[in-house]
Amino acid sequence: MGIEFRKYQGLGNDFILIDNRHTSQPIITPEQAIAMCDRHFGIGADGVIFALPGEEDTDYTMRIYNSDGSEPEMCGNGIRCLAKFIADLEGIGEVNKTYRIQTLAGVITPQLQGDGKVRVDMGQPQLTAQEIPTTLTDGEDKVIAQPLEVADKTWLVTCVSMGNPHCITFVDDADAIALQQIGSLFEHHPVFPQRTNTEFIQVVKPDYIKMRVWERGAGITLACGTGACASVVAGVLNGKCDRSCTVELPGGCLEIEWSQRDNRVYMTGAAESVFTGCY
Ligand code: ZDP
């Protein structure tokens, strides 16, 4: 087909990045994204991300397709990869550059740091049931440690939106969770009208948690940036975590801070270019 792409990964959450700066609609379809993400018959990725022209006062617009072709509002690991990608396209190298990026979850601002990591202002978490969205409680209420029946078990779940929906459960041993079996039961549970991402969190210390994730539209992944942010917010709401916390994911660690000052969540982590190709 002749579509040029570049592959990036953030903690093993991997994405196909497309230079889409010349037009405001993604140049590939969700069906093509599914084919490109296939790990045996395609390039292999958890999603496809487009760098589109900015709107109003933003530098660029980010859109993303999950590997099942669905379109999430936001993507934490993805936006770190996008920041690296556009710096590479602009040929500016990694200075302390900040970009204003339009997403379906509002304006998000990643900053390229001198150490090669990217710090992202992920905005304010949304906590009411209608914002998430879930029908677990009344629309105006927060969803903190609410019982939810999944696979013949009652789980106490806390729900947080970072633009996209997350359902968080605290467990004694994250490695013991049968994620492959139960992940999609959470994702498709009728209390989540937009489906949900699901995180299982083991609190090692108040400032260090271990997370395993089942992503909406992608299944088990090595990392989820929005999920790490949502999990620290959930930990604070349950009195289990400090506002500054390291999140250990299968693919590596993210530093998360839920700022008391401005109620925004800041995420810092790696993102790297892997290879360039033509599909
Ligand atoms: O909300 C969703 O449907 C997620 N699958 C989007 C991707 C989230 C991501 N893993 C992240 O890091 O936030 C990219």
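Residues numbered from 1 in each chain as written. Predicted model: local features only at pLDDT ≥ 70, side-chain atom pairs only at ≥ 80, totals over all residues. Heavy atoms only, no water.

Explain the overall build of the chain to me, please; I cannot follow it from the model alone.
Broken down by element type, the chain carries four helices and 17 strands. Its C-alpha atoms give the chain a radius of gyration of 18 Å, within 12% of the compact-globule value 19 Å for 279 residues. C-alpha extents for the chain along the principal axes are approximately 50 × 40 × 35 Å. Scored against the burial criterion, the 279 residues of the chain give a buried share of 54%. (Helix = DSSP H or I, 4+ residues; strand = E, 2+ residues; numbered from the N terminus. Rg over C-alpha atoms; globule rule 2.2 N^0.38 Å. Buried < 20%, exposed > 50% of the residue type's maximum accessible area, 1.4 Å probe, protein only.)

Can you walk me through the site of the ligand in this structure?
Around the ligand, the surrounding shell holds 16 residues, and the nearest of these are Cys75, Gly76, Glu215, Gly225 and Thr226. Taking Asn77, its main chain carries an N or O atom lying 2.9 Å from an oxygen atom of the ligand. Summarising the interface, the protein chains cover 100% of the accessible area of the ligand, which totals 370 Å² for the free molecule. Looking at the shell around the ligand, the elements with two or more residues in it are β2 (13-19), α2 (76-90) and α4 (225-237). Split by residue class, the shell around the ligand holds six nonpolar, eight polar and two charged. Viewed by domain, the shell around the ligand spans two of them, domain 1 (4-123 + 270-278) and domain 2 (146-261), each represented by three or more residues. (Near = heavy atom within 4 Å. Polar contact = N/O pair within 3.5 Å; in protein donor to acceptor, adjacent residues only side chain to side chain. Areas by Shrake-Rupley, 256 points an atom, 1.4 Å probe, with all protein chains shown as cover. Nonpolar A, V, L, I, M, F, W, Y, C, P; charged D, E, K, R; others polar. Domains from an automatic or database assignment.)

Looking at this structure, how should I read the side chain of Glu187?
Mapped onto the fold, Glu187 is located in helix α3 (residues 179-187). Assessed through its relative accessible area of 5%, Glu187 is described here as buried. Sequence-distant contacts of Glu187, defined by excluding residues within four places in its chain, comprise Arg195, Thr196, Thr198, Trp214, Glu215, Arg216 and Gly217. (Contact = heavy atoms within 4.5 Å.)

Can you walk me through the side chain of Asn20 in this structure?
For Asn20, the position within the fold is in the loop between β2 and α1 (30-37). Residue classification places Asn20 among the buried positions, given a relative accessible area of 0%. Not counting residues within four places of it along the chain, the set of residues in contact with Asn20 comprises Gln25, Pro26, Ile27, Phe50, Ala51, Leu52 and Pro53.

Please clarify how the pairing of β2 should be interpreted in this entry.
Each regular strand shows side chains that alternate between the opposite faces of the sheet. Burial runs high along β2: six of the seven residues are buried. Relative to β2, strand β1 (residues 4-10) is paired through five bridges, and the arrangement is antiparallel. Within β2, the position partnered with Gly10 by the bridge is Asn13. In this antiparallel pair of consecutive strands, β1 and β2, the connection spans two residues, and Leu11 shows a positive phi of 55°. Pairing geometry for β2 and strand β3 (residues 47-53), over five bridges, is parallel. Its bridge partner lying in β3, Phe15 is registered against Gly47. Remark: the β2/α1/β3 crossover connection has right-handed handedness. (Pairing = 2+ DSSP bridges. Right-handed = clockwise from strand over helix to strand, strands pointing away.)

Please clarify how the domain arrangement of the chain should be interpreted in this entry.
When its domains are assigned, the chain resolves into domain 1 (4-123 + 270-278) and domain 2 (146-261). The C-alpha centroid of domain 2 is placed 23 Å from the C-alpha centroid of domain 1. Contacts between the two partners involve 20 residues from domain 1, matched on the other side by 22 residues from domain 2. Summed over both partners, the interface of domain 1 with domain 2 comes to about 1400 Å²; 50% of that surface belongs to carbon and sulfur atoms. For the pair domain 1 and domain 2, the interface holds two salt bridges. (Buried area = accessible area lost by both parts, 1.4 Å probe. Salt bridge = Lys/Arg side-chain N within 4 Å of Asp/Glu carboxyl O.)

How should the nonpolar core be read in this particular structure?
Among soluble globular proteins, nonpolar side chains are generally buried collectively. Counting 52 residues, the largest nonpolar core has Leu82 and Ile256 as the members making the most contacts within it. At seven residues, α2 tops the list of elements feeding residues into this core. Looking at this core, you find at least three residues from each of domain 1 (4-123 + 270-278) and domain 2 (146-261). With residues up to four places along the chain from it excluded, the contact list for Leu82 reads Leu17, Ile49, Phe50, Ala51, Met62 and Ile101. In terms of nonpolar packing, the next biggest core, distinct from the first, is built from 20 residues, Val143, Leu148, Ile182 and Trp214 among them. (Core = buried A, V, L, I, M, F, W, Y, C linked by side-chain atoms within 4.5 Å.)

Can you walk me through α3 in this structure?
Note that an α-helix has 3.6 residues per turn; residues three or four places apart therefore point the same way. By the burial criterion, the buried members of α3 are Leu179, Ile182, Gly183, Phe186 and Glu187. In an axial view of α3, the angular spread of the buried residues amounts to 145°, which keeps them on one side of the axis. Along its buried surface, α3 packs onto β8 (146-150), β9 (153-161), β10 (165-170), β11 (197-205), β12 (208-215) and β13 (219-220). (Arc of directions from axis to C-beta.)

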